[in-house]
Amino acid sequence: MGIVVLTMKASVMEMFLVLLVTGIHSNKEMTKKIKRPKFNVPQINCDVKAGKIINPEFVVKCPAGCQDPKYHVYGTDIYSSYSSVCAAAVHSGVLDNSGGKILVRKVAGQSGYRGSYSNGVQSLSLPRWRESFIVSGETTKAYQKPSVPGTTAQPATLMQVPGTTPEGAAHVTLPRPSLSAASITSSPRPQPVGHRSRELDLWATIAYTSSQYSPHASPGETDSWKPGSVLLDAGFVPKEELSTQSLEPVSQGDPNCKVDLSFLIDGSTSVGKRRFRIQKQFLADIAQALDIGPAGPLMGVVQYGDNPATQFNLKTHMNSRDLKAAIEKITQRGGLSNVGRAISSVTKNFFSKANGNRGGAPNVAVVMVDGWPTDKVEEASRLARESGINIFFITIEGAIETEKQYVIEPNFANKAVCRTNGFYSLSVQSWFSLHKSVQPLVKRVCDTERLACSKTCFNSADIGFVIDGSSSVGTGNFRTVLQFVANLSKEFEISDTDTRIGAVQYTYEQRLEFGFEEYSTKPDILNAIKRVGYWSGGTSTGAAINYALEQLFKKSKPNKRKLMILITDGRSYDDVRAPAMAAHHKGVITYAIGVAWAAQDELEVIATHPAKDHAFFVDEFDNLYRSVPKVIQNICTEFNSQPRN
């Protein structure tokens, strides 16, 4: 019996060993049959933005043709995640326009992105964005250092978005991470409500094939899968992307076209509904072409009929998209075509600081008129020009020969525009060809160097005060003279690009108190005037004029009007005729202000012709302030009387 038991034990052990060996062999065979899936690099379209892709690091294949300017890129070397991935790759030089594979790595957002032109792609500037990326051609390194043990890439946390469904959505491809046995068998970590699992559940949203789910799977394919069509599933968006789904990067505007622009559109009954729609489309095309923004052009719209009405001002809409939407909502007012009334309203009200006027930007008013105005425009336009407004006129379907008898003011466009050289006028034969004027008009309003009416009597001069500091003036009266100088200076727009102020004091000798380049703000100028000290001495006015020409006006800018304002209380000890002639020949317009014992004949010699407009006399120092308005008026009248061709 004992022998039988031993024999049975031996047989059992032998069978166990056979089964064990067979199992090991079978496991090896099975292991041989189960192959790791091949990594297929997904292809994306040129318009796919980095911010729409969850993964912090990924490899994609770009198609050809991504150099097209319609695919926007923001930044240089480091790009905003709102940029086209493939267009950024072309801009950086990693790809050419034929496409190829790239490695993309997400990095932190930047406080600013600098635009540049590189490799046929113009990237744009952006003030800030919350996420960035860099592009390289090192595609083999994409999945060498997995950040989660057992995976080849770190999946992003996804959040369910109510009201979204996966059907019919646009998807971007991403390879499925290969999971280790440990990660498959271990229990999934609990997830917050509304979040997908960081591993298994994430890839449940991706369309791939596995033998355990597919009835058509063949033996040996238990671990194979097909790249799905989802990188960012339609029903889910990454938590960190929620804020960017509806948020467009807002352009700061074209800095090469920094103008404050008012469109005066014709809402009269004669235009009709169809042509009014064409007019609105023209405005929308202009808004798109201008690239509206706080660092570039700003645009408002005034509609006129019997009376003008501001549809929106300069600061209402700060980008082209919002502006176009507002233009679409404008409704026609009807009535007459009272253009002159509209221009007057714009001059008085539109270009104010409260309405968004920026001061340093040229003011431009584009008047659109169907046929001809029903009121006069000449006087209203003159006042607009004197206020620094550059008026453009677009006349659509102007009066033909048989209609000219009905035009109230013949040649109205030339009477209205800033200059009569053709630059400010556009004549359009038909409303249906109005769209052809978009680019010519944009080019003109952005050519700030040619916006001649931006220069006014208040912002385009170098003014040198030549102040008599002789003993006969006295300390108290000298302070009164300085107050007169300050009162005149207050009337001008002072900056290093607008009007500049300088001052010379003289007796027998001369002293430069401050030059044109020394102070560039009105408060600084007024403080500098206040600090001028009384000198006392004789009266050599002729020598003072020569000194001012040499020390002040020799440093005047070529594009500035040169104004000398000389204040004296007596006859000069030296000759003034030759120095005055020298000033006139050098283009210096001289105003002579005489007080008390000043000689009238000498003032007229010093003053620019005609003397009646440039020489002033007051009997007492305390009456100097009364001449301020007259001096300013004459300066502006002379400026505005210049030819407009």
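So, here's what we can say about the structure.

The rules behind each value
- Residues numbered from 1 in each chain as written.
- Predicted model: local features only at pLDDT ≥ 70, side-chain atom pairs only at ≥ 80, totals over all residues.
- Heavy atoms only, no water.
- Helix = DSSP H or I, 4+ residues; strand = E, 2+ residues; numbered from the N terminus.
- Contact = heavy atoms within 4.5 Å.
- Areas by Shrake-Rupley, 256 points an atom, 1.4 Å probe, with all protein chains shown as cover.
- Pairing = 2+ DSSP bridges.
- Core = buried A, V, L, I, M, F, W, Y, C linked by side-chain atoms within 4.5 Å.
- Buried < 20%, exposed > 50% of the residue type's maximum accessible area, 1.4 Å probe, protein only.
- Phe/Tyr/Trp six-rings, centres within 6.5 Å; stacked < 30°, edge-to-face > 60°.
- 1 Å grid on protein atoms, 1.4 Å probe; cavity = no way out; pocket = protein on both sides within 12 Å on 5 of 7 lines; lining within 4 Å.
- Points joined across faces, edges and corners; volume = space filled by probe spheres on them.
- Nonpolar A, V, L, I, M, F, W, Y, C, P; charged D, E, K, R; others polar.
- Salt bridge = Lys/Arg side-chain N within 4 Å of Asp/Glu carboxyl O.

**Observations concerning the overall build of the protein chain**
Within the protein chain, the secondary structure is distributed over 17 helices and 21 strands. Taking all contacts inside the protein chain whose residues are at least 6 apart in sequence as the whole, residues at least 24 apart take part in 78%. Here the protein chain displays about 32,000 Å² of accessible surface, and carbon together with sulfur accounts for 53% of that area.

**Let's talk about the pairing of strand E12 (residues 308–312)**
Judged from the 4 bridges that link them, strand E11 (residues 298–304) and E12 form a sheet pairing that is antiparallel. Bridge assignment links Val301 to a residue of E12, and that residue is Phe312. If you look at the hairpin formed by E11 and E12, you'll find 3 residues sitting between the two strands.

**Description of the nonpolar core**
Grouped together as the largest cluster of nonpolar side chains are 65 residues, with contacts concentrated most on Phe263, Leu290, Met299, Phe393, Ile394 and Leu441. With near-sequence residues (within four places) excluded, Phe263 lies in contact with Phe282, Leu283, Ile286, Met299, Gly300, Val301, Val302, Val366, Met368 and Leu441. One finds Val473, Phe514, Val618 and Leu624 within the second-largest nonpolar core, a separate group that totals 39 residues.

**A word on the packing of aromatic side chains**
Taken as a whole and assessed by the stated rule, the structure comprises 12 aromatic pairs. Both rings, one in Tyr74 and one in Tyr82, keep their centres 6.1 Å apart while their planes meet at 55°; by these two values the pair is tilted. Grouping residues by exposure puts Tyr74 and Tyr82 together as buried. An angle of 75° between the planes, with centres 5.6 Å apart, marks the rings of Phe514 and Tyr519 as edge-to-face. Among the aromatic side chains, those forming a connected cluster through ring pairs are Phe392, Phe423 and Tyr424.

**Examining the layout of surface pockets**
Considering only enclosed or pocket space, the largest pocket measures out at about 1,100 Å³ in volume. Lining the largest pocket are 42 residues, with Gly359, Ser454, Lys455, Asn459 and Asp498 positioned closest to its centre. If you list the elements that add at least two residues to the lining of the largest pocket, you get helix H7 (339–350), helix H8 (378–386) and helix H17 (628–640). Counting residues per element, the lining of the largest pocket draws most heavily on H7, which supplies 4 residues. Within the lining of the largest pocket, the residues separate by chemical class into 13 nonpolar, 18 polar and 11 charged.

**A few points about the environment of Arg382**
Looking at the element boundaries, Arg382 is found in helix H8. Each C-alpha atom, one on Arg382 and one on Cys418, is 8.6 Å from the other, the two residues being 36 residues apart in sequence.

**Quick look at the side chain of Ser381**
Examined against the element boundaries, Ser381 turns out to sit in helix H8. Since its relative accessible area comes to 0%, Ser381 is described here as buried. Aside from chain neighbours lying at most four places away, what touches Ser381 is Ile343, Ile391, Lys415 and Ala416.

**With respect to the pattern of salt bridges**
Throughout the structure, instances matching the rule amount to 15 salt bridges. In this structure, the salt-bridge partner of Arg275 is Glu397, at a minimum N-O distance of 3.3 Å. Note that Arg275 is positioned in helix H5 (residues 272–290) and Glu397 in the loop between strand E14 (389–396) and helix H9 (412–416), a separation of 122 residues in sequence. According to the relative accessible area criterion, Glu397 is partly exposed, its value standing at 27%. Two residues, Glu379 and Arg382, come together in a salt bridge whose shortest N-O distance is 2.5 Å. Note that Glu379 and Arg382 are positioned in helix H8 at a spacing of 3 residues, about one turn of the helix. Among the residues examined, Arg382 registers a relative accessible area of 30% and is labelled partly exposed. One connected set of salt bridges, linked through shared partners, spans Glu379, Arg382 and Glu386.

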